[in-house]
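Structural features, examined
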Protein chains: 2
Amino acid sequence: MQGVAVVGIGMTPISAKSEKTLIELFVEAATEAMEDAGADRIESMYVGNMLSGFLQNQKHLGALMATALGKEGLPAYRVEGACASGGVAANAAVKAVLSGLEKTVLVGAVEKMSGYTTSEVTAGLMMAEDRTRVATTGATFVGLNAMIAREYMCKCKLPHEQLAEFPVLCHDHALSNPRAQFRKKITVQDVVNSPLVADPLRLYDCSAIGDGAAALVLAPLDRAREFTDLPIVIAASAVATDTLSLHQRGDLTTFAASRKAAAQAYELAKIGPEDVDLLEVHDAFSILGVMALEDLGFTVKGSGIQLVKDGACYRGGRLPTNTFGGLKARGHPVGATGIYQLAELALQLSNMAGKCQVPEAHVGLSQSIGGIGSTVTVHILERVD
Amino acid sequence: MQGVAVVGIGMTPISAKSEKTLIELFVEAATEAMEDAGADRIESMYVGNMLSGFLQNQKHLGALMATALGKEGLPAYRVEGACASGGVAANAAVKAVLSGLEKTVLVGAVEKMSGYTTSEVTAGLMMAEDRTRVATTGATFVGLNAMIAREYMCKCKLPHEQLAEFPVLCHDHALSNPRAQFRKKITVQDVVNSPLVADPLRLYDCSAIGDGAAALVLAPLDRAREFTDLPIVIAASAVATDTLSLHQRGDLTTFAASRKAAAQAYELAKIGPEDVDLLEVHDAFSILGVMALEDLGFTVKGSGIQLVKDGACYRGGRLPTNTFGGLKARGHPVGATGIYQLAELALQLSNMAGKCQVPEAHVGLSQSIGGIGSTVTVHILERVD
């Protein structure tokens, strides 16, 4: 799969409480992506979003955002896969370009989560779980992830202090990202001393509520140089699913959908994990960052955090991970996050990552998760030299 | 565009209050479509739905429905374009097949609207309109469509009795559709004597709340004969948008998005309206059925209803329209309707429409609308002889 390129990138800063509306956030990111591509004439739009129906009482974001961008008339619709909505919107946009029906395509994703109570946001997020058998029990995603963390810590004999290395990594990387929600260095002690949210997960194990939007312009690879001197190829776009709920699964310490999406992505890109030199993973909770390193094939079960402790995941290491701060520190405006990850990979691969730049990267992989590992997207981006 | 075929069809009956859950409805239609195709081994799923987040507190239908079908693991996500959600899901599925990344693809759409108050359903539907400037005014879709009907009736000097011919046509056709929500013959007098809902629209001008699901299996045309002796080609899949609200438009008596989507579909299929001999239009309100006949190019503005009165739109006529009863009488489970239309066209073109069968049809066109003409999909299906 070598037919699609990223030719434009736009991202808003992520904020705990943006003054901008859902529409204004989307328009800011989309306009920046179109200006970056020098391509005002896009042919279609795909919009990733999870919660606007519930929080803003606003569905129908395809037509709404097309009009807001001054592009009324354009084919446009919304794609949803819970917190992986940005990732699945990217998948739809990639297929649109590969279909030959559309050439210059905008994929943008947005979430506005501030201005609501924690209960309201939590209720919205729980719609990603099975309503009839889990959401109604009072379970929350931090609770479900805590169950996974507890199981993982027992099985792999890992103390919480070691999980805490993941948010420390992300906060370190976010220090140099001007768009990050949290630009504050933290230590393992800060994590283990932060308030308990759902045992064993503490406040600093968890990503926060945030507002933001990100967008990409995609084009067929053979036309990409009309837009940019350094197109970034989308070498793979893969989606896999799993049961919505943990009670339907065997092993809690691995996500089958991550493994499946990764296997399919490696096959499409004709590479293996050993060829990846840049990574964006879905660390909504510290445990998920650690599991991702294992499920995506970079190390064996139980050893994920070792890659962080060894320095491999830091910017100078052999597998720089979440180089703009990841979900924990860059921020996690849920339906938009999958596009932030792709935008950040593309900036790194084009040597446009500013103070976040890693020395030398040719192949980047991103993983986005919806629900409790129930929808996983994996994209592989490559620099064309 | 000649690369994709319909090779399997499934539809549940549409009911004012189904005893089945959202999941059971989807599984029934999807299973029927897979059995029809003899294809248990589908490679991906696209799910059209508008309201499950709001009504059932359940998002994330891609992974949920894949698991419910026993297909956990499969790539699956939801596509939304308000009441055109089924239509845009079909568009995403068509692009998936054309992309070459997936071959045997299931597209299913479902809506469960019963069990809630009319206020709740109305509030859900209004999320298709602009929240900040229209939905908060207390406007409803029947009210907005009534404004269009009033303007049309003034401009085209059409009395309400003539609009009423459209629901009469649909009820006549639904008499022989065992899946139809309303199998009851009505007359123009019944329509004009039915209770006023929003002047000039009366109860029988309006489609009703209903539960239902429909599904298709799609495959590349060159592999379609592995599944069926009579594949139906999807010769065009087009989407266009417009502003979300009427106050942003000039002429209320035509939908620019209908005209744009139709023009694009005709171009893709390399045909014109004169080549179409079967039609499914989005008659959520009688006025929309009439406008569709004009906007899709079958007659000039103001003359739409003449095609119904002349008998052209009846099953024996030259342009049989809504031959299973349309939104008014087959039913309108909003996010699912776009797939019902495609399934019905495919049944007609394969001579499998039972008592609804029209004599001879080779080319069928369907139009699905989201919001007040804000998202329109047009598909063209052709029989391969």
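In what follows, the structure referred to is the one given above.
No experiment lies behind these values; they were computed from the predicted model shown. (Residues numbered from 1 in each chain as written. Chains lettered and ligands numbered in written order. Predicted model: local features only at pLDDT ≥ 70, side-chain atom pairs only at ≥ 80, totals over all residues. Heavy atoms only, no water.)

Comments concerning the relation of the copies chain B and chain A
- Placing chain B over chain A gives an RMSD of 0.0 Å and needs a rotation angle of 180°, together with 0.0 Å of translation along the axis. Put plainly, the chains are arranged around a two-fold axis.
- When the interface residues of chain B are mapped onto chain A, 100% of them are again interface residues, pointing to one common binding face. (Least-squares fit on C-alpha atoms with pLDDT ≥ 70 in both. Contact = heavy atoms within 4.5 Å.)

Some words on the packing of helix 4 (residues 85–99) of chain A against helix 4 (residues 85–99) of chain B
- One way to put it is that helix 4 of chain A packs onto helix 4 of chain B with a least axis distance of 8 Å and a crossing angle of 60°. By the angle between their directions, the pair helix 4 of chain A and helix 4 of chain B is classed as oblique. At the point where helix 4 of chain A passes helix 4 of chain B, the crossing takes the left-handed sense. Residue-level inspection shows Lys95(A), Ala96(A), Leu98(A) and Ser99(A) of helix 4 of chain A in contact with helix 4 of chain B, the latter providing Lys95(B), Ala96(B), Leu98(B) and Ser99(B).
- Grouping the constituent residues of the contact of helix 4 of chain A with helix 4 of chain B by class yields four nonpolar, two polar and two charged. (Axes fitted to C-alpha atoms, helices over the stretch in contact; angles between N-to-C directions. Helix = DSSP H or I, 4+ residues; strand = E, 2+ residues; numbered from the N terminus. Parallel < 35°, antiparallel > 145°, perpendicular 65-115°, else oblique. Left-handed = near helix turned anticlockwise from the far one by under 90°. Nonpolar A, V, L, I, M, F, W, Y, C, P; charged D, E, K, R; others polar.)

Points about the pattern of salt bridges
Residue and element names in this part refer to chain B.
- Taken as a whole and judged by the stated rule, the model has 30 salt bridges over all chains.
- Its salt-bridge partner being Asp40, residue Lys71 comes within 3.3 Å of it at the nearest N-O pair. Of the two residues, Lys71 sits in the loop between helix 3 (61–68) and strand 3 (76–80) while Asp40 sits in the loop between helix 1 (22–37) and strand 2 (44–48), which places them 31 residues apart along the sequence.
- Judged by its relative accessible area of 11%, Lys71 is buried.
- Here Arg150 and Asp199 are joined by a salt bridge, their closest N and O atoms 3.0 Å apart. Placement of the pair is Arg150 in helix 6 (residues 141–155) and Asp199 in the loop between strand 5 (196–198) and strand 6 (201–202), with a sequence separation of 49 residues.
- Overall, the relative accessible area of 35% leaves Arg150 in the partly exposed class. (Salt bridge = Lys/Arg side-chain N within 4 Å of Asp/Glu carboxyl O. Buried < 20%, exposed > 50% of the residue type's maximum accessible area, 1.4 Å probe, protein only.)

Considering the environment of Gln306(B)
Residue and element names in this part refer to chain B.
- Relative to the helices and strands, Gln306 resides in helix 12 (residues 304–309).
- Residue class for Gln306 comes out partly exposed when judged on its relative accessible area of 35%.
- Remark: the alpha-carbon pair of Gln306 and Lys95, spanning 211 residues in sequence, is separated by 37 Å.

A word on the layout of surface pockets
- In this model, the largest pocket occupies a volume close to 740 Å³.
- For the lining of the largest pocket, the secondary structure elements donating two or more residues are helix 5 (118–125) and helix 6 of chain B.
- Looking at which element gives the most residues to the lining of the largest pocket, the answer is helix 5 of chain B, with four residues.
- Of the residues in the lining of the largest pocket, the class split is 20 nonpolar, nine polar and two charged.
- Roughly 630 Å³ of internal volume is contained in the second largest pocket.
- Forming the walls of the second largest pocket are 30 residues, and the residues nearest its centre are Leu125(A), Cys206(A), Ser207(A), Ala208(A) and Phe285(A).
- When residues of the lining of the second largest pocket are traced back to their parent elements, those giving at least two are helix 5 (118–125) and helix 6 (141–155) of chain A.
- Broken down by element, the lining of the second largest pocket gets its largest block of residues, four residues, from helix 5 of chain A. (1 Å grid on protein atoms, 1.4 Å probe; cavity = no way out; pocket = protein on both sides within 12 Å on 5 of 7 lines; lining within 4 Å. Points joined across faces, edges and corners; volume = space filled by probe spheres on them.)

Brief notes about the environment of Tyr46(B)
- By the secondary structure assignment, Tyr46(B) is in strand 2.
- For Tyr46(B), a relative accessible area of 1% translates into the label buried.
- The spatial distance from the C-alpha of Tyr46(B) to the C-alpha of Gly62(B) is 6.8 Å, given a sequence separation of 16 residues.
- Beyond its immediate sequence surroundings of up to four residues, Tyr46(B) is in contact with Lys95(A), Tyr77(B), Ala89(B), Ala92(B), Ala93(B), Ala96(B), Glu102(B), Val105(B), Leu106(B), Val107(B) and Gly108(B).
- Of note is the side chain of Tyr46(B), whose polar atom sits 2.7 Å from the side chain of Glu102(B). (Polar contact = N/O pair within 3.5 Å; in protein donor to acceptor, adjacent residues only side chain to side chain.)

Looking at the packing of helix 4 of chain B against helix 14 (residues 337–349) of chain B
Residue and element names in this part refer to chain B.
- For the pair helix 4 and helix 14, interaxial distance at closest approach is 5 Å and the crossing angle is 65°. Between helix 4 and helix 14, the crossing angle belongs to the class labelled roughly perpendicular. Every residue of helix 14 that contacts helix 4 at Gly86, Gly87 and Ala90 is listed here: Gly338, Ile339 and Leu342.
- Classifying every residue of the contact of helix 4 with helix 14 gives three nonpolar, three polar and no charged.

Here we look at the interface of chain B and chain A
- With 53 residues of chain B in contact, the opposing surface of chain A contributes 53 residues.
- Counting the surface lost from both chain B and chain A, the interface buries some 4,400 Å², and carbon and sulfur atoms represent 57% of this.
- Summed over the three residues of chain B that lose the most area to chain A, namely Lys59(B), His60(B) and Tyr77(B), the buried surface amounts to 18% of that side.
- Applying the counting rule to chain B against chain A returns four salt bridges.
- With a closest N to O distance of 2.6 Å, Glu102(B) and Lys95(A) form a salt bridge.
- Here chain B is connected to chain A by 32 residue pairs in polar contact (both at pLDDT 80 or more).
- Among the elements that take part in the side of chain B that touches chain A, helix 4 of chain B stands out by supplying seven residues, more than any other.
- Pairing analysis gives three bridges linking strand 3 (residues 76–80) of chain A to strand 3 of chain B, with the strands arranged antiparallel. Its bridge partner being in strand 3 of chain B, Glu80(A) is matched across the sheet by Arg78(B). (Buried area = accessible area lost by both parts, 1.4 Å probe. Pairing = 2+ DSSP bridges.)

Description of the side chain of Ser368(A)
Residue and element names in this part refer to chain A.
- Mapped onto the fold, Ser368 is located in strand 10 (residues 363–370).
- Using a relative accessible area of 1% as the deciding quantity, one classes Ser368 as buried.
- Dropping the residues within four chain positions of it, Ser368 is found in contact with Cys83, Ala84, Gly87, His282, Gly338, Gln341, Thr375, Val376 and Thr377.

With respect to the nonpolar core
- In this structure, Leu218(A), Leu296(A), Ile380(A), Leu218(B), Leu296(B) and Ile380(B) are the most contacted members of the largest nonpolar core, which totals 234 residues.
- With residues up to four places along the chain from it excluded, the contact list for Leu218(B) reads Val4(B), Ala5(B), Val6(B), Val7(B), Ala93(B), Val94(B), Val97(B), Lys103(B), Thr104(B), Val105(B), Val107(B) and Ile234(B). (Core = buried A, V, L, I, M, F, W, Y, C linked by side-chain atoms within 4.5 Å.)

Some thoughts on empty space enclosed by the protein
- This model, assessed by the stated rule, comprises two cavities of 30 Å³ or more.
- One number sums up the size of the largest cavity: a volume of about 60 Å³.
- Taken together, the elements giving at least two residues each to the lining of the largest cavity come down to helix 4, strand 8 (232–241) and helix 10 (256–269) of chain A.
- The element that contributes the greatest number of residues to the lining of the largest cavity is strand 8 of chain A, accounting for three residues.
- Each residue belonging to the lining of the largest cavity can be placed in one class, and the counts come to five nonpolar, three polar and two charged.
- Empty space within the second largest cavity amounts to approximately 40 Å³.
- Every residue along the wall of the second largest cavity is listed here: Leu101(A), Glu102(A), Asn91(B), Lys95(B), Ser237(B), Ala238(B), Val239(B) and Gln264(B).
- Secondary-structure elements contributing two or more residues to the lining of the second largest cavity are helix 4 and strand 8 (232–241) of chain B.

Some words on the pairing of strand 3 of chain B
Residue and element names in this part refer to chain B.
- Across the five residues of strand 3, five count as buried, placing the element largely inside the fold.
- Of the two faces of strand 3, the one carrying Ala76, Arg78 and Glu80 and the one carrying Tyr77 and Val79 are both buried.
- When strand 2 meets strand 3, the two strands line up parallel, connected through four bridges. Paired with Met45 across the two strands is Ala76, which belongs to strand 3.

The values are spatial; any link to function lies outside them.
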